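Take a look at the letters that make up each chain.
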Amino acid sequence: MDALDASKLLDEELYSRQLYVLGSPAMQRIQGARVLVSGLQGLGAEVAKNLVLMGVGSLTLHDPHPTCWSDLAAQFLLSEQDLERSRAEASQELLAQLNRAVQVVVHTGDITEDLLLDFQVVVLTAAKLEEQLKVGTLCHKHGVCFLAADTRGLVGQLFCDFGEDFTVQDPTEAEPLTAAIQHISQGSPGILTLRKGANTHYFRDGDLVTFSGIEGMVELNDCDPRSIHVREDGSLEIGDTTTFSRYLRGGAITEVKRPKTVRHKSLDTALLQPHVVAQSSQEVHRAHCLHQAFCALHKFQHLHGRPPQPWDPVDAETVVGLAQDLEPLKWTEEEPLEQPLDEALVRTVALSSAGVLSPMVAMLGASPTWVYPEDCAPVRRGSRYDGQIAVFGAGFQEKLSRQHYLLVGAGAIGCELLKVFALVGLGARNSRGLTVVDMDHIERSNLSRQFLFRSQDIGRPKAEVAAEAARRLNPDLQVIPLTYPLDPTTEHIYGDNFFSHVDGVAAALDSFQARRYVAARCTHYLKPLLEAGTLGTRGSAKVFMPHVTEAYRAPASATASEDAPYPVCTVRHFPSTAEHTLQWARDEFEGLFRLSAETINHHQQAHTSLADMDGPQTLTLLKPALGVLRVRPQNWQDCVAWALGHWKLCFHYGIKQLLRHFPPNKVLTPTPCTHTCSLTPMPLLLFLVWLQDMHLLYVLAAANLYAQMHGLPGSQDSTALRKLLKLLPQPDPQQMAPIFASNLELASASAEFGPEQLKELNKALEVWTVGPPLKPLMFEKDDDSNFHVDFVAAAASLRCQNYGIPPVNRAQSKRIVGQIIPAIATSTAAVAGLLGLELYKVVGGPRPRSAFRHSYLHLAENYLIRYMPFAPAIQTFHHLKWTCWDRLKVPAGQPERTLELLLAYLQEQHGLRVRMLLHGPAVLYSAGWSPEKQAQRLPLRVTELVQQVTGQVLAPGLRVLVLKLSCEGEEEDTAFPPLHYEL
C-alpha cells in the first residue's frame, strides 16, 4: 500500500499525539498488525490495553483460566462480578470499548503452530516456562515476533525475540537534525557553514545528510545522502562541490537516519546466556541473580504444580536450592560467571513472588527493598487486594486505605495513576479518598491515550469522568472531582483547610509553570510530591519528600522556553527560525479572523466612532482585515479577492516596503530584534500564487476563513480556485501599504494616521456594520477540516520562503503552534507504574533518602535509569541552618503582635535584625524608611498592616501569613526560609 495514499485512512485526529512519536509509515504498519496476547492477568491486561489504544489491526485474547480474587489487585478490566469467568472473555468487551477501530476477539482453544502463523506478534504473559519455550521456538522458526513477560511481586522479567534479521528503521525515534545553511563553498571538499545559532555540535563525523531549499547550488537539493566531516570551527565538509553552481542563499541540511539491523536470540539460547545492559558490574550481577530466581520459580512450579506460598520460609528455601542447582550463567558461550549467587535476593524474591502489584504490571522492573512479612500469611481473604497483601501484608493495606491523596491532572498520566490508585486501594476507607483536579474537558484526541474516557464523554469535564471511571474500577473508592484550576487564583479553595487533610500529592501536568506552582504548595504545606511527565518515548517519574530530598525544580532550559516569548519586532520583521514565522502566522490568524471581528462587532453594538476606539491602534488592526474590499464580501469570489490581496500584502509588497526602510547594506543598531538577524528577505513572485501548491493553499485557507467570519459558504476546490485567481483583477498596491509596529528601530517606518485616513476607515467601517454580526474565529488545532492549521502552516511556510528559512511541514507546524506534546500510551503507563512503586515507600512511613528513586526512561533505546534523589541543600546564616523545607515559625500571640513586637521576637529568638519584611510583593517594613514612616507602621497589628498595605481582606479560615524577610549582614545569595506568622 502506498504510504501517502494509505495515510488518508489514518484517523489523524484520534492518533495525533501518537503520530508525532511514530510517524505515518509506522502507524500504517501498526494498523495492519495482527497480535495475539495470551495471559490476561494484570500484566496481560496492560499490554492489551496499550495495543488497543495504539490502534493495532486486530487483537486476539487467550486465557481460559477463571478470574480469581487475586487478579483484581492488578487487572483493571475485571470486577467481582467476573469471578470464575474466563479472564479473556471477561476482558474482551471493555478492551473493545477503548477503540472500536480495533477488532478484539477471543481464542478459546490451545495455541498451536497453525494458529501462530496467523499473527505477526505473539505476547505471552504469566506463562509457564514450558509454554514459553514451545511458543518461542515456533515463533522463531516462522519469523513471528515473540515477547514473554511476567511479574512476581516486586520483580519483573521481559524477553523479546524479533528474529535474526530485524531492522529498526529509526533507533532513536527522534526528529532528524535540521539546520539552516549560511554558505556553501565550491571546492573539494565543499565547506558548509551553518547559520548563526544552529546546533552545530549535534552533527557528528560520518553522519549522512541531504539538502533542500538551496538557491544557486541546486545540485544538492534532494541529492543522495552524503557523509560529512565536522571541522574544528563547526563547519562541515560535504564532499566535492567543484562542478556545482555557485551558492546564492537559503537552504537546510537534514540528517538522514540510518536503519539498524538487530539479531535476536531464541528463548532457549537466551536462558543460558542472558544479555544485561547495566551501568555497573554490581547491577549486572543483581540482574543475573534475578534471572536465576525466575528460572528457579519456574522449576518450583513444574515440580509442585503451584507457585511458592506467600512468605513461606520452607518454600523460599526450596527456591534458593533450585537456583543453586541451575547451570551457571555465562558471559559468553565459553566463559561462565564467577560471582556467587545472591541467596538473600533469591530468598526475598521467592517469599513475595505470589503477589501481584498494579504498579509492577504497568512498569516492569523494580527491586524488593522492603516488605512486611508478619501479616502476609497465605490466607485466602476473598479480597480484591489479596495479590497485594501477599507482598506487603494486611496492615500495610489498611494504611493505604486510610490515605487521602490529591491528584492534579486527569490527562494521560493522570488516568494511569487513577487506575493504579484504584487497584491498590489508595483511600478506599477514607471518606475523602482521592481528590482529582482538572479544569479541562475531554477532546477526541484524548481517547488514544486517556483510557478512562470514551467517545460519549467528549465535551465533559475530565475530572468528573475520570472520577466515575475510577469508582467503576474499585467500588470501594471515594473520588471527589474538582474542576477549579489549582493556581494562585484559587487559594481560597485549595487553602490551609484543604491541604490539612491531604497526605500526599501526585502531579500529572503538562506545563512547567503548573508543576512549579503545585510543587511550591507541597513545599509550603510539607506534603510528599509524586511527579511524572513524558515526551514521546521518553519519561520521568520523581518523588520529593519533605526534609528528606530536595524540592522539585523545573529544568532551566524548559523554564526559559516557557517563560520567554519572542520579541515582537523579531516576529514581525526579523525572523530567523521557523518558530518565529509560526508565531507570526498565529498572530495573523488572531488579528484577521478573531480580533477584527470582535472590534467590528463592538463598534456595531456600541455605535461608536473610530476616534472613540483608539484610532491608530484600531486602524492597524482593521486595515488588513478590510484589505482590498470596501464593502462586505457577498460571495466566495469576494473572499478569494481579499485573500489574494492579503497574500500580495504580506509576501510581496510588504517585503518590498521593508527593504526600502531596511536595505541589505544598512547597519542595524543591535537590539533584541536585530542582533540575530542576518537574513535579507526577498519578495515572492506574483505568478507563484497559481503555480505552487503552498501559495494556493494559503489563498484557499485565507478565503475560507474570511468566508466563515462573514457567514458565507466556502470551497475546497483548489482546481476551480486556480482558474478563478487568473481571472481576478490585480489589487491596487496603494491599498495594501503595510502598517508597521511602533518600536524603537521601526519608528521611522511607522504609519501616521491623519484625520483623512481615520475618516476614510470610519466610512468603510460604517459599511461593514450593516448586516449581521461577524463570527470571530477561535483557533482550533484538532479540527483538520476548518482550515485553521492550514492557514497558519501555509503562512509560515511562505514567510520562510521570504527569509530563506528552512520551513517545517504541516504536522510540525500543528505541533508547535498547538503546543502539542507528542505522547504514546506505553510511556504514560510506564511512568505511572514507576510512581506507584514510590507511593508504596511514601505511604510505608519514614524512610531514608536511599530508599527512594527518581526514574528516567527512553523506550526507543531500551533505556531505564533509577537513581537516588539529591538531598536538600543546606543554607547557613550565623548560627542558623535550614533547607527549602524549613520555615521560621512565629506562634500566635494573645493579643496579636504588633509589627514592633514581631521584629523584637525575631531578634530575641533567632538573632535576626530584619532589614526588610514583605508579604508577596508588598513591603511591610524597611529599615531604610524615615523614622516618621516607621513610627506609623510599628504600632500596627501584623494582620492590620497586611490588609492596609495590600488593600485586601484576609481570607476566612486563614491559619498562617507567609512573609519574606531579609536581614542585616546577609550574603547576596542568601534566601531565608519563609516566615510563617500563625494566626
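What counts and what doesn't
Each chain carries its own residue numbering, running from 1 in the direction its sequence is written. With the structure being a predicted model, the display of local features is reserved for residues of pLDDT at least 70 and the display and counting of side-chain atom pairs for 80 or more, all residues being used for whole-chain, interface and lining totals. Think of the side-chain values as coming from all heavy atoms in the structure, minus any hydrogens and water. Working definition: helices are DSSP H or I runs of at least four residues, strands are E runs of at least two. Numbering for both runs from the N terminus. Burial classes: relative accessible area under 20% of the type maximum marks a residue as buried, over 50% as exposed, and values in between as partly exposed (1.4 Å probe, protein chains only). In what follows, a contact means two residues having at least one pair of non-hydrogen atoms within 4.5 Å. We get accessible surface area from the Shrake-Rupley algorithm with a probe of 1.4 Å; when it comes to residues, only the shown protein chains can shield them. At least two bridges found by DSSP between two strands is the condition for calling them paired. To define axes, lines are fitted to C-alpha atoms, for helices over the stretch in contact only, and angles between the resulting N-to-C directions are given on a 0 to 180 degree scale. The definition of a nonpolar core used throughout is a set of buried Ala, Val, Leu, Ile, Met, Phe, Trp, Tyr and Cys residues joined through side-chain atoms within 4.5 Å. UniProt positions are given in the numbering used here, feature names are shortened, and annotations may be inferred rather than shown by experiment. Exposure above 30% relative accessible area and the lack of any salt bridge qualify a residue for a patch; like charges then connect within 9 Å, and the nonpolar side chains Val, Leu, Ile, Met, Phe, Trp and Tyr within 5 Å. Between Lys or Arg on one side and Asp or Glu on the other, a salt bridge is scored when a side-chain nitrogen of the former is within 4 Å of a carboxyl oxygen of the latter. We treat Lys and Arg as the positive residues and Asp and Glu as the negative residues; His and chain ends play no part in the count. Throughout, a charge is located at the NZ atom of Lys, the CZ atom of Arg, the CG atom of Asp or the CD atom of Glu. In summary, the pairing rule links any two rings of Phe, Tyr or Trp, Trp by its six-membered ring, whose centres are within 6.5 Å, and it sorts them by plane angle into stacked for under 30 degrees, edge-to-face for over 60 and tilted for everything else. Two limits define a charge over a ring: the Lys NZ or Arg CZ must be within 6 Å of the ring centre, and within 35 degrees of the ring normal. Directions drawn from the helix axis to the C-beta atoms are what define this arc. Orientation categories follow fixed angle ranges, with anything under 35 degrees roughly parallel, anything over 145 roughly antiparallel, 65 to 115 roughly perpendicular, and all other angles oblique. Under the scheme applied, nonpolar residues are Ala, Val, Leu, Ile, Met, Phe, Trp, Tyr, Cys and Pro; charged residues are Asp, Glu, Lys and Arg; polar residues are all the others, including Gly. The disulfide criterion used throughout: a pair of cysteine sulfur atoms within 2.5 Å. Here a polar contact means two N or O atoms within 3.5 Å. Within protein one must be a hydrogen donor candidate and the other an acceptor candidate, and residues neighboring in sequence count only if both atoms are side-chain atoms.

### Some points on the overall build of the chain
Okay, step 1: For the chain, the helix and strand inventory stands at 32 helices and 30 strands.
Okay, step 2: Out of the 983 residues in the chain, the part that is buried amounts to 53%.
Okay, step 3: Sequence-distant contacts in the chain: of pairs separated by 6 or more residues, those separated by 24 or more amount to 70%.
Okay, step 4: Surface summary for the chain: the accessible area is close to 44,500 Å², and the carbon and sulfur share equals 53%.

### Regarding the sheet that holds strand E22 (residues 854-858)
Okay, step 1: Sheet architecture is open: eight strands sit in the order E18-E17-E16-E19-E20-E21-E22-E23, paired in mixed fashion. The open sheet has two edge strands with one neighbour each: strand E18 (479-482) and strand E23 (863-867). Adjacent strand axes in the sheet meet at a mean angle of 10 degrees, parallel and antiparallel pairs treated alike.
Okay, step 2: Inspection of the sheet shows E22 paired to E23 by five bridges, in the antiparallel sense. Residue pairing across strands places Ser 855 opposite Arg 866, the latter belonging to E23.

### Observations regarding the nonpolar core
Okay, step 1: Judged by nonpolar contacts, the single largest core of 87 residues is most densely connected at Leu 59, Leu 417, Leu 426 and Leu 452.
Okay, step 2: At eleven residues, helix H29 (residues 825-844) tops the list of elements feeding residues into this core.
Okay, step 3: Those residues in contact with Leu 426 that lie beyond four places of it in its chain are Leu 400, Gln 403, Tyr 405, Phe 421, Leu 434, Leu 477, Leu 839 and Val 843.

### Let's talk about the UniProt feature "active site" (unreviewed entry) in the chain
Okay, step 1: UniProt's entry tags Cys 569 with the feature "active site" (unreviewed entry), counted in the numbering of this structure.
Okay, step 2: Note on placement: Cys 569 falls in helix H20 (residues 568-573).

### Describing a negative patch on the surface
Okay, step 1: There is a patch of like negative charges on the surface, built from Asp 440, Glu 443, Asp 510, Glu 780 and Asp 783.
Okay, step 2: Considering the arrangement of structural elements, one finds Asp 440 in the loop between strand E17 (434-437) and helix H16 (462-473).
Okay, step 3: Residue class for Asp 440 comes out partly exposed when judged on its relative accessible area of 40%.

### Some points on the packing of aromatic side chains
Okay, step 1: Summed over the entire model, instances satisfying the criterion amount to 25 aromatic pairs.
Okay, step 2: Through a chain of ring-to-ring contacts, the aromatic side chains of Trp 584, Phe 589, Phe 593, Trp 642, Trp 647, Phe 651, Tyr 698, Tyr 706, Phe 779 and Phe 791 assemble into a single cluster.
Okay, step 3: The lysine or arginine in question, Arg 799, covers the ring of Trp 584, its NZ or CZ lying 4.4 Å from the ring centre.
Okay, step 4: Above the ring of Trp 929, the side-chain terminus of Lys 933 is found at 4.3 Å from the ring centroid.

### Quick notes on helix H14 (residues 394-401)
Okay, step 1: Those residues of H14 not exposed but buried are Phe 396, Gln 397, Leu 400 and Ser 401. What you see down the axis of H14 is that its buried residues fit within an arc of 145 degrees, all on one side.
Okay, step 2: If you follow the buried residues of H14, they end up packed against helix H13 (386-392), helix H15 (412-424) and H29.

### Comments concerning the packing of H14 against H29
Okay, step 1: Where H14 contacts H29, the axes come no closer than 10 Å and their chain directions differ by 95 degrees. Here H14 lies roughly perpendicular to H29, going by the angle between them. Packed against H14, whose contacting residues are Phe 396, Lys 399 and Leu 400, the element H29 presents Tyr 840, Val 843 and Gly 844 at the interface.
Okay, step 2: A class-by-class count of the residues in the contact of H14 with H29 yields four nonpolar, one polar and one charged.

### Overview of the pairing of strand E28 (residues 922-926)
Within a regular strand, side chains alternate between the sheet's two faces.
Okay, step 1: Within E28, four of the five residues are buried, which leaves it mostly tucked inside the rest of the structure.
Okay, step 2: Across four bridges, strand E27 (residues 914-919) lies against E28 in antiparallel orientation. The residue of E28 that forms the bridge with Leu 918 is Val 923.
Okay, step 3: Here E27 folds back onto E28 in antiparallel fashion, the turn holding two residues, of which Gly 920 has a positive phi close to 65 degrees.

### Some details on the environment of Phe 294
Okay, step 1: Relative to the helices and strands, Phe 294 is located in helix H9 (residues 281-304).
Okay, step 2: Phe 294 gets classed as buried once you look at its relative accessible area, which sits at 2%.
Okay, step 3: When the C-alpha atoms of Phe 294 and Val 319 are compared, they prove to be 9.4 Å apart, with 25 residues separating the residues in sequence.
Okay, step 4: For Phe 294, the residues in contact, after removing those within four places along its chain, are Asp 150, Arg 152, Val 155, Gly 156 and Gln 157.

### Quick look at the packing of helix H23 (residues 636-661) against helix H25 (residues 718-727)
Okay, step 1: Two elements in contact, H23 and H25, have axes separated by 11 Å at closest approach and are oriented at 70 degrees. In this view, H23 runs roughly perpendicular relative to H25, as classed from their interaxial angle. Between H23, through Trp 636, Gln 637, Val 640 and Leu 644, and H25, the contact on the second element is made entirely by Leu 721, Leu 724 and Leu 725.

### As for the state of the cysteines
Okay, step 1: Per the counting criterion, the structure on display carries zero disulfides.
Okay, step 2: For Cys 145, which is in no disulfide, the shortest distance to another cysteine sulfur is to Cys 139 and amounts to 8.8 Å.

### Considering unusual backbone geometry
Okay, step 1: Residues Ser 188 and Pro 189 are joined by a peptide bond in cis, for which omega reads 5 degrees.
Okay, step 2: As for its position among the elements, Pro 189 is in the loop between strand E8 (178-184) and strand E9 (191-194).
Okay, step 3: For Phe 787, which is not glycine, the phi torsion reads 70 degrees and is therefore positive.
Okay, step 4: Accessibility expressed as a relative area gives 8% for Phe 787, which makes it buried.
Okay, step 5: The phi torsion at Asn 862 lies on the positive side, around 50 degrees, for a residue other than glycine.

### Section: the sheet that holds strand E14 (residues 252-255)
Okay, step 1: Here we have seven strands laid out as an open sheet, ordered E11-E10-E14-E8-E9-E13-E12, and antiparallel in their pairing. Strands with a single pairing partner mark the edges of an open sheet, and in this sheet they are strand E11 (226-227) and strand E12 (229-230).
Okay, step 2: Alignment of E12 against strand E13 (residues 236-237), held across two bridges, turns out to be antiparallel. Residue pairing for E13: His 229 is matched across the bridge by Glu 237.

### Re helix H28 (residues 810-817)
Okay, step 1: Among the residues of H28, Ser 813, Lys 814 and Val 817 are the ones counted as buried. Looking straight down H28, one finds that the buried residues subtend no more than 100 degrees of arc, so they occupy a single side.
Okay, step 2: Where the residues of H28 are buried, they touch helix H2 (16-22), helix H21 (578-606) and helix H27 (788-803).
Okay, step 3: If you check the start of H28, you find a side-chain oxygen 3.2 Å away from the backbone N of Ala 811, and it comes from Asn 809.
Okay, step 4: Downstream of H28 by one or two residues, Gln 819 has phi in the positive range, about 50 degrees.

### So, the side chain of Ser 827
Okay, step 1: With respect to the helices, strands and loops of the structure, Ser 827 is situated in helix H29.
Okay, step 2: Filtering out sequence-adjacent residues up to four positions away, Ser 827 remains in contact with Thr 534, Gly 536, Thr 537, Arg 538 and Leu 859.

### So, the environment of Phe 877
Okay, step 1: With respect to the element layout, Phe 877 can be found in strand E24 (residues 875-877).
Okay, step 2: Here Phe 877 falls in the buried class, since its relative accessible area comes to 5%.
Okay, step 3: For the pair Phe 877 and Thr 974, spaced 97 residues apart in sequence, the C-alpha to C-alpha distance is 8.0 Å.
Okay, step 4: Residues in contact with Phe 877, not counting those within four places in the same chain, are Trp 882, Leu 912, Glu 968, Gly 969, Glu 970 and Phe 976.

### Some points on the environment of Pro 939
Okay, step 1: Looking at the secondary structure, you find Pro 939 in the loop between helix H31 (931-937) and helix H32 (942-950).
Okay, step 2: Expressed as a C-alpha distance, the spacing of Pro 939 and Glu 900, which sit 39 residues apart in the sequence, is 6.3 Å.
Okay, step 3: Contact partners of Pro 939, with chain neighbours within four places excluded, come to Thr 898 and Gln 934.

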